[in-house]
Amino acid sequence: MKQTLEEVAKENILFNHRTVDRTLSGSNLAQFGITNFIQGAEWQAKQSPWVSVKDRLPRTDDDLYIVLDVRMNPPGCGVCDFNPKTETWIDYGGNIVRPTHWMPIPPLESNDNE
């Protein structure tokens, strides 16, 4: 299973704490914090947005989700609604689908030119 952000942060801070001068203060301490933040951001950027249905299911039915079935050849992808009470995925045709992975549809960034 993938590490959570919290697990990686704890590992990172322990490693960095063992490898730096423990008398850091002022701007040096601030630089230590900046370095840790950048390392965390770099780690997060490498993570896949796909969640395995074996690891976790959505908690609500508020949003539509992009789903992926890697068992298909080629892998199939679509948009579905999820019912947390029955733990079922429903496509636009009203069919029950059984994806292997899912992710929330990311919010659209606003564009003043549109």
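Keep in mind that what you see is a predicted model, and the values were worked out from it rather than measured.

About the thresholds
- Residues numbered from 1 in each chain as written.
- Predicted model: local features only at pLDDT ≥ 70, side-chain atom pairs only at ≥ 80, totals over all residues.
- Heavy atoms only, no water.
- Pairing = 2+ DSSP bridges.
- Helix = DSSP H or I, 4+ residues; strand = E, 2+ residues; numbered from the N terminus.
- Disulfide = S-S within 2.5 Å.
- Buried < 20%, exposed > 50% of the residue type's maximum accessible area, 1.4 Å probe, protein only.
- Phe/Tyr/Trp six-rings, centres within 6.5 Å; stacked < 30°, edge-to-face > 60°.

Section: the sheet that holds strand β4 (residues 88–90)
Spatial ordering of the open sheet is given by β1-β6-β2-β3-β4-β5, a layout of six strands whose pairing is antiparallel. The open sheet has two edge strands with one neighbour each: β1 (51–52) and β5 (96–97). As paired elements, β4 and β5 share two bridges and run antiparallel to each other. Each residue of the ladder has a partner; that of I90, found in β5, is I96.

Digging into the state of the cysteines
Tallied over the entire structure, the rule returns zero disulfides. Among the cysteines around C77, which has no disulfide bond, C80 carries the closest sulfur, lying 9.2 Å off. By relative accessible area, C80 is classed as buried at 4%.

Quick look at the packing of aromatic side chains
All chains considered together, the criterion is met by two aromatic pairs. Arranged with centres 4.6 Å apart and planes meeting at 50°, the rings of F82 and W89 form a pair that is tilted. Judged by relative accessible area, F82 falls into the buried class, the value being 2%. The class of W89 is buried, set by a relative accessible area of 5%. A ring pair is formed by W89 and W102, whose centres lie 6.3 Å apart and whose planes are at 45°; its orientation type is tilted.

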